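Per-entry structural report
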Amino acid sequence: MSAAQAPERRAQEIRELCAASLRALGADPRLELLGTRPYRGTDVLPFNAPHLYPPEAGAGFESFRGAADGMALRVRHSDTAAHLALLPHSPSARLVFEVLEQFRCESLATLPGVIENLRARHVAWSKEYIASGLTETSLGMLLYTIFQVTRSRISSEPVVHESEDMIEATRANLSATLGPLLPGLRRHKHNQTDFAQHALLVAELVAEAVSALESRAPARKGAKDKQAKAPEFSLLVDVEHDAAAIGTSGSATSGALDSSPEGYTVFTRAYDTISPATTLVREDLLRSYRERIAARVHTEAVNVQLLAKSLQSLLCVPERSDYDSGMEEGLLDGTRLGQLVASPTERRLFKTERFEPSAAATLTFLVDCSGSMKEHAEGLAAFLDVLARALERIQVPCEVLGYTTGAWNGGRALKDWRRAGTPPAPGRLNELSHVVFKDAATSWRTGRLGLAAMLKSTLYREGIDGEAVRWALGRLGQRDEERKILVVLSDGSPADGATANANDENYLQHDLANVLREAEAAGGTTILGLGLGLDMSPYFRRNAILDAGRLGGSETVRDLLGLLERSLRSVR
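Conventions and cut-offs
- Residues numbered from 1 in each chain as written.
- Predicted model: local features only at pLDDT ≥ 70, side-chain atom pairs only at ≥ 80, totals over all residues.
- Heavy atoms only, no water.
- Helix = DSSP H or I, 4+ residues; strand = E, 2+ residues; numbered from the N terminus.
- Expected span 1.5 Å × (residues − 1).
- Buried < 20%, exposed > 50% of the residue type's maximum accessible area, 1.4 Å probe, protein only.
- Arc of directions from axis to C-beta.
- Polar contact = N/O pair within 3.5 Å; in protein donor to acceptor, adjacent residues only side chain to side chain.
- Contact = heavy atoms within 4.5 Å.
- Salt bridge = Lys/Arg side-chain N within 4 Å of Asp/Glu carboxyl O.

Turning to helix α14 (residues 304–315), a few remarks are in order. In a regular helix each residue adds 1.5 Å, so 12 residues correspond to 16 Å; α14 covers 16 Å between its end C-alpha atoms and thus fits that length. Turning to α14, its buried residues are V304, L307, A308, L311, L314 and L315. What you see down the axis of α14 is that its buried residues fit within an arc of 125°, all on one side. For α14, the exposed residues lying more than 90 degrees away from the buried face are L306, K309 and S313. Two or three places before Q305, at the start of α14, stands the capping residue N303, its side-chain oxygen 3.2 Å from that residue's backbone nitrogen.

Structure (C-alpha cells):
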C-alpha cells in the first residue's frame with residue numbers, strides 16, 4: 001500500500017472496529033456507521049451532540065472509540081421519540097438540550113473501559129474546542145463552561161484540567177442561576193423524563209444568555225467575518241442531520257430532490273444507451289488492448305487456481321453428488337452383500353455420501369467509468385480479468401458492467417432542455433451510456449475482448465451512479481441464483497456538471513444514497529463498495545479501500561476476498 005493511502009486504510013479499520021463496538025455495546029446487530037453517522041438499518045440516528053463526531057484527520061483511535069461508545073449508550077438509555085418531542089426551538093437551547101441528554105446516557109456507563117473511552121473523547125473534544133479559538137468569544141466561553149460544569153456534575157468527574165482556570169470567571173457569574181439546576185440533573189439521570197425537565201431549564205437559561213450576548217454584540221460587516229468563523233461551527237452549532245445526509249464531504253442532501261413530489265426525475269431518456277463494449281471499439285484496437293491486459297496479468301502473477309479455491313469456499317455450498325462405495329463404515333451398501341457370502345471377513349461393505357461444491361451465487365461488478373477512473377483502466381481491467389477467470393473455474397456466473405455518459409456537460413439532453421425554455425428542476429440532464437463489458441452468460445474466453453474495451457479512454461466521461469446501481473440490480477434480479485452480489489468500483493461521488501447546475505450540486509449524491517438504502521432495506525442482494533484509494537463508507541455499509549497503484553495484484557485480490565468473507569458472514 002502506498003504511504004498516501006495508509007491513513008485512509010487505517011481510518012477504515014478504525015471505523016470497522018468502532019462499528020463492531022457500537023453493535024456490541026448497543027446490543028443491536030442492525031447498528032452501523034456510514035461515514036461518521038450512526039444508522040439503525042437504513043434509518044439515521046439523530047444523535048447530534050457535537051463531541052460524538054471526531055474530526056476525520058487528527059483524532060486518535062481513543063476518540064473514535066469513545067464516540068462510538070457514547071452512541072451505543074445513547075441507543076440503550078434514550079427514547080429518541082420522547083427526546084425529539086421535547087426539543088426546544090432556539091438553536092442554542094436545542095444544542096444544550098441535546099448535549100445534556102448525551103451526557104446523561106454516558107453517565108450510566110458501568111464498564112471501566114467504556115468510562116475511560118468516554119473521558120478520553122471528552123478531553124480530546126475540549127482541547128479541539130479550545131484550539132478552535134471559540135473560548136476567546138463570550139458566546140463560546142459561555143457554552144464551553146456550561147458543557148464542562150454540567151458534565152462534571154452529571155458524571156461525578158472533574159472538569160478537564162486545562163479548563164479549570166479558564167472557566168472560573170464564567171462559572172462564578174453563572175452560579176446564582178445555573179447552580180440551583182445542577183442537583184436535579186444528577187438526581188434524575190436514571191429517568192429520562194424527569195431529567196428532561198431540568199435539562200430544559202438549563203437550555204432555556206442558555207438561550208436567554210445567548211440572546212442577551214447577541215443583542216449587545218455589534219453586527220458583523222460582511223462575508224469576511226462569516227468565513228473566518230466557519231471552521232468553528234462543527235464544534236459549536238446544532239449539528240442536526242437528516243436521513244439523507246450521506247456524502248464524501250459534508251452533507252449530500254439535495255434541496256431539489258427533497259422538494260420534488262416525484263422524487264428523482266429524468267428530463268429525457270431519448271439518448272440513453274446500453275451497449276456491448278465490443279461495439280464501441282474497433283476490433284484491431286481491442287486486440288491491442290487485450291495484449292496489454294495479458295501482459296499486466298502476467299506481471300502481477302496472481303495464482304488463479306488458489307484464488308478460485310478461496311472464492312469457492314465463500315460462494316459455493318456442498319451438495320450431495322453420489323456415494324463412495326467400498327468403505328469400512330457408513331451406510332450399508334446392498335450391492336456388496338454378495339461379497340460377504342464369498343468372503344465372510346470382508347469389511348468394506350459400506351458407502352458414504354460424496355459432497356461436491358456447487359455454485360450458489362452470482363456476481364456483478366459495476367465499474368465507474370467517469371473521467372477520473374481513466375488512469376486506473378489497465379489495472380482495473382487486469383483485476384477483473386483475473387476474477388472472471390477464477391469465478392468461471394468454480395462455475396459462478398459473473399458480469400462486468402460499466403456506466404458513464406454519452407457526452408460531457410449534458411450533450412443532447414441539455415440542448416433539448418434549453419429548447420424547452422429551461423424549466424426548473426429538470427432532474428438528470430445528460431445522456432446515460434451503460435456498457436456491458438461481459439455478461440453473465442458469456443465465458444471468460446469469449447468475453448475477454450469486451451473486458452479489453454475498458455482501456456478505451458474516450459469511454460470515460462461523467463458518472464450517474466444511482467441509475468447505474470438500479471440498472472445493475474435489475475439485471476441481478478433476473479438471475480435464479482440464491483445469493484446475488486453487486487460490487488461497485490469507484491474513486492469518487494456521482495458527478496455530472498449539467499445536472500448539478502440545473503438542480504443542485506448534491507442531486508446525484510442524494511439519489512445514490514437513496515438507491516443504496518432502498519436496496520439494503522429490500523434485501524436479496526449484497527452490495528459492496530470498493531473505493532480506489534477512497535473510503536466509500538459514506539455510501540456503502542460494506543466497503544473496502546483498494547490501493548489504486550496495485551490494481552490487479554495479490555494485495556487487491558486479498559482485500560476483495562476479505563470484504564466478501566466479512567459481508568457474507570454477516571448476512572448468513
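From this point, the discussion proceeds with the structure in view.
Turning to its location among the elements, A360 is positioned in the loop between β7 (350–359) and β8 (361–368). A C-alpha to C-alpha distance of 6.3 Å links A360 and L315, two positions 45 residues apart in sequence. Among all residues touching A360, those that are not within four sequence positions of it are L315, C316, V317, E481, E482 and R483.

This part covers the pattern of salt bridges. On inspection of all chains with the given rule, the structure shows 31 salt bridges. Note that D28 and R30 form a salt bridge whose closest N and O atoms lie 3.1 Å from each other. Between E520 and R541 there is a salt bridge whose closest N-O contact spans 3.6 Å. Residue E520 is located in helix α21 (residues 507–522), and its partner R541 is located in the loop between β12 (525–532) and β13 (543–546); the two are separated by 21 residues in the primary sequence. Classification of E520 as partly exposed rests on a relative accessible area of 25%. Among the charged side chains, a salt-bridge network with shared partners connects R23, E32, E520, R541 and R542.

A few words on helix α9 (residues 192–216). The terminal C-alpha atoms of α9, which comprises 25 residues, lie 36 Å apart, in line with the 36 Å expected from a rise of 1.5 Å per residue. Among the residues of α9, Q192, F195, A196, H198, A199, L200, V202, A203, L205, V206, A207 and V210 are the ones counted as buried. Buried positions along α9 lie against α2 (61–77), α3 (80–85), α4 (91–107), α6 (138–155), α7 (164–178) and α8 (182–187).

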